[in-house]
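Here is how the chains run, residue by residue.
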Amino acid sequence: MRIAFLVMVLLHGLIHLMGFTKAFGYGNLAEFSKDISRPIGLLWLLVGLLFIVSSILYWKKMVAWSLLVIIAMVLSQILIFIFWSDAKFVTIVNAIILVVGISAYGLYRFNKMVFQETQDLVRDIGPGGISVVTKEDIRQLPERVQEWMQSSGVMGTERLVSVHLRQKGKMKIKPEGKWMPFTAEQYFDVSKPAFIWSTEVDFLPLIKMVGRDKFIDGKGEMLIKLANVIPVVNEGDNEKINSGAMVRYLAEMVWFPSAALNHYVHWETMDANSVKATFTLNGKSVFGIFEFSENGEMQSFEAERYYGGGKDASLETWLIKVEEYKNFIGFKIPNKCSVTWKLKEGDFNWLNLEITDWTFNNLELTKN
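Here goes a summary of the coordinates provided. (Residues numbered from 1 in each chain as written. Predicted model: local features only at pLDDT ≥ 70, side-chain atom pairs only at ≥ 80, totals over all residues. Heavy atoms only, no water.)

## Here's the deal with the packing of helix 1 (residues 2–23) against helix 2 (residues 38–59)
Logical step 1: Packing of helix 1 against helix 2 brings their axes to within 7 Å, and their N-to-C directions diverge by 160°. With respect to their mutual orientation, helix 1 and helix 2 come out roughly antiparallel. In this structure, helix 1 crosses over helix 2, and the sense of that crossing is left-handed.
Logical step 2: Classifying every residue of the contact of helix 1 with helix 2 gives 17 nonpolar, seven polar and two charged. (Axes fitted to C-alpha atoms, helices over the stretch in contact; angles between N-to-C directions. Helix = DSSP H or I, 4+ residues; strand = E, 2+ residues; numbered from the N terminus. Parallel < 35°, antiparallel > 145°, perpendicular 65-115°, else oblique. Left-handed = near helix turned anticlockwise from the far one by under 90°. Nonpolar A, V, L, I, M, F, W, Y, C, P; charged D, E, K, R; others polar.)

This is the structure:
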């Protein structure tokens, strides 16, 4: 689709050059029933060149293409109104280019916002390597959690204070919806529990849906934009969003196991393989049940979490199942998981993800 759109913009620009050739007598083009003055002919030339340059910038994935193509489209549409009887059908092409151009500019603005938020998060994280995890550190933990710490490879390593990971996978926005591929990036502050997660979802050909979940100082925020511009969800700093973000952080601690030692988590054995974890921050608490195998591998996490973030959001069972483990820089963590809402109407498996990259401490922020 990217190549098809590139060809469309390029051909659209070349077609606009016809108005210039008509105005300056370089050809008797039957496509135009009206005469074209030289000043208007120069405008046709300018618009054609703008589209051609935009297509080149688009091919090189340079942000400026989106602004340039929007300007070209506006000028093009003015010309179409002047020569409506000859060029009215070109409005369809302009409409397609406008939607894709606005979406691309929206993605640029979204990524810029996320980069600034993430920069603020990472800047406040202290350096790693201050202390290492010892047997004495884990002695007070439940047996299964101790085994998890040992099997994950954190023993004798520096405590994690920050984590950066990348994901890919597929998601649904409703039970009967289609699976949509996505990529995501997430930064964690482990010492002062916080995260920023951003994603791009292939919603339609050439059109993406973007989202950002944020959890800072005990407050959650969820933003989802269709075509990178239209807000579909924009909820933040309310009881249900805050609680949901805390539950998510608790579940995702499996990606930075030494966080189990931090003061904000309390562990309680439930049975031979189940352990209850309670996460407390700023006087608020959430809890979930971690299920472990006999060799200390985390197999699932289950908690009550609000389904949605609005006033009508209901408390439902949220289940994460581990599908596969992988070693990253000596740490063994779940790299493939499925996420399911256990609803009254039936199970809604809405997310399947894979960790593709994982780093920790002394993070360097990457800019999209």
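## Quick word on the pattern of salt bridges
Logical step 1: With the rule as written, the count across this model stands at 17 salt bridges.
Logical step 2: Close ionic contact of Arg123 with Asp120 constitutes a salt bridge, the shortest N to O distance being 3.0 Å. Remark: Asp120 and Arg123 occur in helix 5 (residues 90–123); sequence separation between them is three residues, near one turn of the helix.
Logical step 3: Take Asp120: its relative accessible area is 32%, and that puts it in the partly exposed class.
Logical step 4: Between Lys208 and Asp202 there is a salt bridge, with the nearest N and O atoms lying 2.7 Å from each other.
Logical step 5: For Lys208, a relative accessible area of 26% translates into the label partly exposed.
Logical step 6: Residue Asp202 is classed as partly exposed on the basis of its relative accessible area, which comes to 36%.
Logical step 7: Three or more residues joined by partner-sharing salt bridges are found here, namely Glu117, Arg212, Lys214 and Glu221. (Salt bridge = Lys/Arg side-chain N within 4 Å of Asp/Glu carboxyl O. Buried < 20%, exposed > 50% of the residue type's maximum accessible area, 1.4 Å probe, protein only.)

## Digging into unusual backbone geometry
Logical step 1: With a phi angle near 60°, Lys61 is a residue other than glycine that sits in the positive phi range.
Logical step 2: Along the chain, the position of Lys61 falls in the loop between helix 2 and helix 3 (64–82).
Logical step 3: Within the chain, Asp217 stands out as a residue other than glycine whose phi angle is a positive 55°.
Logical step 4: Within the element layout of this structure, Asp217 appears in the loop between strand 4 (207–216) and strand 5 (219–226).

## Quick word on the pairing of strand 13 (residues 346–360)
Logical step 1: As defined by bridge partners, strand 1 (residues 162–171) adjoins strand 13 across nine bridges and the pair is classed as antiparallel. Note that in strand 13 the partner of Gly169 across the bridge is Leu353.
Logical step 2: In this structure, strand 12 (residues 331–343) lies alongside strand 13, joined through eight bridges in antiparallel fashion. When the sheet's bridge partners are listed, Lys342 is paired in strand 13 with Asp347.
Logical step 3: Joining the antiparallel neighbours strand 12 and strand 13 is a turn of two residues. (Pairing = 2+ DSSP bridges.)

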